[in-house]
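Chains, contacts and geometry: an overview
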Amino acid sequence: MTNSISTRLAVIGSGPAGLTAAIYAARAGLSPIIIQGIQPGGQLTITTDVENYPGFRDVIQGPWLMEEMQAQAEHVGTKVIWDHIVSVDLTGRPFRLTGDGGTTYFADALVIATGAQAKYLGLPSEEHLKGRGVSACATCDGFFYRGKKVAVIGGGNTAVEEALYMTNHSHDVTLIHRRDSLRAEKILQDRLFANPAIKVVWDSEVAEFVAGGTPEALVGLDLRNRLTGEVSRLDVEGAFVAIGHSPSTELFKGHLELDSDGYLKVEPGTTRTSVPGVFACGDVMDKIYRQAVTAAGTGCMAALDAEKYLAAQEYAALAAE
Ligand code: NAP
């Protein structure tokens, strides 16, 4: 017999956005469920030190912060479910979700907080040095490379913004791009080229992230020139891979409107998606800010939007009686 669960509000995804939505919804008396997904706690569970989440003077650990958020969500009345949604039907009411073990969830309102994943180059040496010199977020980790030589890999808006941001911490920033022109907006390019702390290595890709020292950490990059095939060493202690993010929206293709980069579209200034009663928050709808604190902020907005939607539905049902 397959299991089924009915709820007023289901939240999919358990990063800062989803857990904050659950905390607000639970405190509004909606008894939400949160379905954790493949990576319970989201991207913060794969980072270490967090120094920019407000409220903590000392460095905290990403996984610890997420455990605390989950404990708070449960404490105020959220039911946390360890499952992964594999299909959704948003055509009828209630919405119908199916978990990978066959459980069916029926929800009057839905908050989507499935997040996004930073893209990496996929080299074994990159994987080996993640958190020890290799990062995909300068805003999160740049501070740890004060006064050190660093590199940023990519040629889009994110890469250029990260290179510019890193000049707050380092006087020696190298942008490495695989072509001879950048994809980033002109205004960002102008700022980049005008900044004396940044140099650009064109037509080049990272062949290897080089480890050294004790404890082992990044000491350099072997760069291959794509035109000549020549490999040269760049000494750096930090490398930020900024080649884009992939929002986790596969599940919603054909059900909800996505933008040209695959992010969930919301009405500006709200978390309302193209289907009434379905709300989106965090990195799955935000390709600009992507911070834990902004994800938590939009999670709060989603819960408030959902609460308002459910109240209006209830009022309409009463009026129709
Ligand atoms: P993006 O625009 O897709 O750029 C990715 C960059 O990484 C490109 O330059 C690409 O090179 C390079 N790249 C991709 N795969 C690579 C690989 N395997 N090896 C080496 N280089 C690789 O991604 P994004 O910069 O993260 O931006 C994503 C979206 O968010 C864009 O729409 C962007 O405009 C937006 N965004 C906006 C802002 C803002 O408005 N302030 C800030 C950040 C992001 P090629 O150029 O050769 O393809």
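Above this text sits the structure in question.
Residues numbered from 1 in each chain as written. Predicted model: local features only at pLDDT ≥ 70, side-chain atom pairs only at ≥ 80, totals over all residues. Heavy atoms only, no water.

We now examine the sheet that holds strand β13 (residues 198–201). An order of β10-β17-β11-β12-β13 is seen for the five strands of this open sheet, with the pairing classed as parallel. Looking at strand neighbours, the two that pair on one side only are β10 (134–135) and β13, the edges of this open sheet. With four bridges joining them, strand β11 (residues 150–153) and strand β12 (residues 173–176) adopt parallel strand pairing. Across the sheet, Val 152 pairs through a bridge with Leu 175, a residue of β12. On top of the sheet, helix α5 (residues 157–166) reaches β11, β12, β13 and β17 (238–241); it is set at about 165° to β11, its chief contact. (Pairing = 2+ DSSP bridges. Helix = DSSP H or I, 4+ residues; strand = E, 2+ residues; numbered from the N terminus. Contact = heavy atoms within 4.5 Å. Axes fitted to C-alpha atoms, helices over the stretch in contact; angles between N-to-C directions.)

Inspection of the region around the ligand gives 17 residues, with Thr 158, Glu 161, Arg 178, Arg 179 and Arg 183 positioned closest. In the model, an oxygen atom of the ligand is placed 2.9 Å from a nitrogen or oxygen of the Asn 157 side chain. One of the side-chain N or O atoms of Glu 161 is found 2.7 Å from a nitrogen atom in the ligand. If the ligand stood free it would expose 910 Å²; the protein chains cover 75% of that surface. (Near = heavy atom within 4 Å. Polar contact = N/O pair within 3.5 Å; in protein donor to acceptor, adjacent residues only side chain to side chain. Areas by Shrake-Rupley, 256 points an atom, 1.4 Å probe, with all protein chains shown as cover.)

Take the pairing of β12 next. Residue alternation in β12 divides its side chains into two sets, Val 173 and Leu 175 and Thr 174 and Ile 176, and both sets are buried. Tracing the backbone out of β11, into α5 and back to the parallel element β12 gives a crossover that is right-handed. Sheet topology note: the β12/β13 ladder contains four bridges and is parallel. By the bridge assignment, Val 173 is partnered in β13 with Ile 198. With helix α6 (residues 186–194) bridging β12 and its parallel neighbour β13, the resulting β-α-β unit is right-handed. (Buried < 20%, exposed > 50% of the residue type's maximum accessible area, 1.4 Å probe, protein only. Right-handed = clockwise from strand over helix to strand, strands pointing away.)

Summed over all chains, the structure comprises six aromatic pairs. Arranged with centres 6.5 Å apart and planes meeting at 40°, the rings of Tyr 53 and Phe 56 form a pair that is tilted. Look at Phe 279 and Tyr 309: their rings are 6.0 Å apart centre to centre, the planes differ by 70°, and that puts the pair in the edge-to-face class. Of this pair, Phe 279 sits in strand β19 (residues 278–280) while Tyr 309 sits in helix α7 (residues 292–320), and the two are 30 residues apart along the sequence. Like Tyr 309, Phe 279 is buried. A network of ring pairs unites the aromatic residues Tyr 53, Phe 56 and Trp 64 as a single cluster. A cation sits over an aromatic face here: Lys 130 above Tyr 120, 3.9 Å from the ring centre. Taking NZ or CZ as reference, Arg 146 lies 3.9 Å from the ring centre of Phe 143, over its face. (Phe/Tyr/Trp six-rings, centres within 6.5 Å; stacked < 30°, edge-to-face > 60°. Lys NZ or Arg CZ within 6 Å of the ring centre and 35° of its normal.)

With 30 residues, the main nonpolar core has Leu 9 and Val 111 as its most contacted residues. Those elements giving two or more residues to this core turn out to be β1 (4–12), α1 (16–27), α2 (62–75), β8 (104–112) and α7. Top contributing element to this core by residue count: α7, with seven residues. In this structure, Leu 9 is in contact with Ala 25, Leu 30, Pro 32, Ile 33, Ala 109, Leu 110, Val 111 and Ala 306, ignoring residues within four places of it in sequence. (Core = buried A, V, L, I, M, F, W, Y, C linked by side-chain atoms within 4.5 Å.)

This next bit is on the pairing of strand β6 (residues 85–89). Both β6 and strand β7 (residues 95–99) contribute to a ladder of four bridges, which runs antiparallel. In the sheet register, Ile 85 faces β7, and the bridge partner there is Gly 99. The loop that links β6 with its antiparallel partner β7 comprises five residues.

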